[in-house]
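# A structural walkthrough
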Amino acid sequence: MDQDQFFESAQQFFNDALPFVLYRKPNGSKIKGFFQETDTVYKTTNFTEKGFVFSPFDSKKNSILIPSNASDVIEVDYLENESLELKLKTSNFEADNSQKESHIKLVSEAIQHIKNNAFKKVVLSRKEIVTLKESNPITLFKRLLATYKTAFVYCWYHPKVGLWLGATPETLLSVSGNRFTTMALAGTQNAAFKTDWQPKETEEQQLVTDYLVSNLQESVSSLNVGKVETVKAGNLLHLRTKVSGILNANFKDVVGVLHPTPAVCGLPKQVTKTYILESENYNREFYTGFLGELNLKEEKTRNTNRRNVENNAYGSIKTVSNLFVNLRCMQLTDTKAHIY
């Protein structure tokens with residue numbers, strides 16, 4: 001199957017109201033799809049299943065699974081098409097002023113709570129609903145692929161749950177065998193300006209890093225914390241610190257430690273999560289949740305040097321999971337886009 005046939009299959013599944021997910025990993029050269037054979041809603045609670053998981057911000061709600069054993073899983077080469085890059089037009093966009101005022105009021109209230117030591121940090125959000133001139137999800141997915149090469153780009157659809165697209169820069173958790181990698185991604189500024197990180201951003205970044213290190217201590221060994229680096233995501237810059245090591249606890253427990261991260265929720269986590277759920281005045285649903293590959297089998301070869309072909313026989317098959325925080329996303333309903 002080539003790329004055109006891949007997209008035609010996706011369009012047909014959408015027309016037939018059957019679940020699917022299309023995605024490309026950051027800097028990837030392949031696009032992959034899970035095409036579920038029925039419209040059954042599968043769920044996971046223990047994260048031992050195999051497939052593609054889609055989890056909401058509120059971890060008490062169900063995580064939806066597109067299982068690999070109930071789907072056709074197809075991977076094809078991604079052929080770049082620069083002409084598809086997003087052409088952003090905002091001249092006809094009008095913000096909801098009443099919503100703006102209520103959001104400013106909420107932020108002011110949160111600042112007062114921080115001053116009163118109710119919490120150290122909280123991440124508040126809102127959403128806008130806009131009408132799209134182009135609302136075909138497959139076309140939009142192609143444009144995201146062409147525009148955001150360093151992001152995890154996806155289009156996820158289930159007729160009984162919803163339709164979501166996004167391009168997220170943040171890894172929640174990557175696991176290969178028993179080795180894991182996660183990241184602290186915090187602090188934001190416009191990439192068009194000279195990089196000049198202020199104390200507010202560096203402190204914010206350090207809070208997230210410290211949370212990861214302290215809360216992962218009991219679940220991992222050989223913990224390694226990388227250097228703080230500046231990374232580009234679209235037209236924004238972020239501070240990032242990679243954290244890696246060996247998993248000693250089960251997968252579900254580690255996900256529970258990480259999600260939701262302080263970068264999308266706050267500190268202390270439970271206090272700020274409750275505050276967000278009670279105060280934001282809308283349901284985040286899958287925004288700032290997580291999504292990605294769950295317990296897939298992947299073959300690894302020891303040596304790719306062609307002069308040592310005999311060593312390639314010593315490849316291994318490992319269980320791999322790659323989960324991403326659902327940032328920079330939107331939910332589509334007919335021609336309306338819910339932008340978070």
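Right, let's walk through the structure included here. (Residues numbered from 1 in each chain as written. Predicted model: local features only at pLDDT ≥ 70, side-chain atom pairs only at ≥ 80, totals over all residues. Heavy atoms only, no water.)

Once that is clear, we can look at the overall build of the chain. The helix and strand inventory of the chain stands at six helices and 20 strands. For 340 residues, the compact-globule formula gives about 20 Å, and the C-alpha radius of gyration of the chain, at 20 Å, lands near that figure. With the C-alpha coordinates aligned to their principal axes, the bounding extent of the chain is approximately 65 × 50 × 40 Å. Put simply, 70% of the contacts in the chain that link residues at least 6 apart link residues at least 24 apart. On the chain, roughly 17,600 Å² of surface is accessible, and the fraction owed to carbon and sulfur atoms is 47%. (Helix = DSSP H or I, 4+ residues; strand = E, 2+ residues; numbered from the N terminus. Rg over C-alpha atoms; globule rule 2.2 N^0.38 Å. Contact = heavy atoms within 4.5 Å. Areas by Shrake-Rupley, 256 points an atom, 1.4 Å probe, with all protein chains shown as cover.)

This next bit is on the sheet that holds strand β2 (residues 30-36). With antiparallel pairing, the eight strands of this open sheet are ordered in space as β6-β2-β1-β9-β10-β19-β20-β8. Here the strands that pair on one side only, and so sit at the sheet edges, are β6 (71-77) and β8 (128-131). Strand-to-strand twist across the sheet, computed as the mean angle between neighbouring axes with direction ignored, equals 15°. Running at roughly 170° to strand β9 (residues 152-158), helix α3 (residues 137-147) makes contact with β1 (20-24), β2, β9, β10 (162-168) and β19 (329-333) of the sheet. (Pairing = 2+ DSSP bridges. Axes fitted to C-alpha atoms, helices over the stretch in contact; angles between N-to-C directions.)

Okay, the layout of surface pockets next. In this approach, a probe sized like a water molecule rolls over the atoms, and the result shows the empty space that is left. Reported here for the second largest pocket is a volume of approximately 310 Å³. Among the elements of the structure, α5 (251-258) and α6 (269-279) are those that each provide at least two residues to the lining of the second largest pocket. Looking at the lining of the second largest pocket residue by residue, the class counts come to five nonpolar, nine polar and six charged. (1 Å grid on protein atoms, 1.4 Å probe; cavity = no way out; pocket = protein on both sides within 12 Å on 5 of 7 lines; lining within 4 Å. Points joined across faces, edges and corners; volume = space filled by probe spheres on them. Nonpolar A, V, L, I, M, F, W, Y, C, P; charged D, E, K, R; others polar.)

Turning our eyes to something else, we now look at the side chain of E204. Relative to the helices and strands, E204 resides in helix α4 (residues 199-216). Within the structure, the side chain of E204 is placed 3.4 Å from the side chain of K121, a separation counted as a polar contact. (Polar contact = N/O pair within 3.5 Å; in protein donor to acceptor, adjacent residues only side chain to side chain.)

For the rest of this paragraph, the subject is unusual backbone geometry. Here the residue pair H259 and P260 is connected by a cis peptide bond, since its omega of -10° sits within 30 degrees of zero. One can find P260 in the loop between α5 and β16 (266-267). With an omega of -10°, the peptide bond between L267 and P268 qualifies as cis. Within the secondary structure layout, P268 lies in the loop between β16 and α6. Here the phi dihedral of N295 falls at roughly 55°; this positive angle occurs in a residue that is not glycine. Note on placement: N295 falls in strand β17 (residues 290-300). Among the residues examined, N295 registers a relative accessible area of 11% and is labelled buried. (Buried < 20%, exposed > 50% of the residue type's maximum accessible area, 1.4 Å probe, protein only.)

Looking now at the pairing of strand β5 (residues 63-67). A large share of β5 lies buried, amounting to five of its five residues. Looking at chain direction, strand β3 (residues 42-44) and β5 are connected through three bridges and run antiparallel. Residue pairing across strands places Y42 opposite L65, the latter belonging to β5. Relative to β5, strand β4 (residues 51-55) is paired through four bridges, and the arrangement is antiparallel. The residue of β5 that forms the bridge with G51 is P67.

Attention now moves to the pattern of salt bridges. Per the stated rule, a full pass over the model turns up 10 salt bridges. Of the charged contacts in the structure, one is a salt bridge between K160 and D39, with a shortest N-O distance of 3.7 Å. Here the residue K160 occupies a position in the loop between β9 and β10, and D39 occupies one in the loop between β2 and β3, the gap between them amounting to 121 residues. In this structure, E229 engages R240 in a salt bridge whose closest nitrogen and oxygen atoms are separated by 3.0 Å. Note that E229 is positioned in strand β14 (residues 229-233) and R240 in strand β15 (residues 236-247), a separation of 11 residues in sequence. With relative accessibility at 31%, the residue E229 sits in the partly exposed group. On the basis of relative accessible area, R240 is assigned to the buried category, the value being 18%. Through salt bridges with shared partners, a single network forms among K25, K32 and E293. (Salt bridge = Lys/Arg side-chain N within 4 Å of Asp/Glu carboxyl O.)

Bringing α6 into the picture now. Here α6 has its buried residues at K269, T272, K273, Y275, I276 and S279. For α6, the angular spread of the buried residues around the axis is 160°, confining them to a single face. More than 90 degrees from the buried face of α6, the exposed residues found are Q270 and E278. Next to the buried residues of α6 lie α2 (97-115), β7 (121-122), α4, α5 and β16. (Arc of directions from axis to C-beta.)

Attention shifts here to the packing of aromatic side chains. Taken as a whole, this structure holds 24 aromatic pairs when the rule is applied. Ring geometry for F119 against Y275: centres 5.3 Å apart, planes inclined by 50°, an arrangement best described as tilted. Note that F119 is positioned in the loop between α2 and β7 and Y275 in helix α6, a separation of 156 residues in sequence. Between W156 and F286, the ring centres sit 6.1 Å apart and the planes meet at 40°, which makes this aromatic pair tilted. A residue pair is termed long-range when its members are at least 10 positions apart, and W156 in strand β9 and F286 in the loop between α6 and β17 qualify at 130 residues. Overall, the relative accessible area of 0% leaves W156 in the buried class. (Phe/Tyr/Trp six-rings, centres within 6.5 Å; stacked < 30°, edge-to-face > 60°.)

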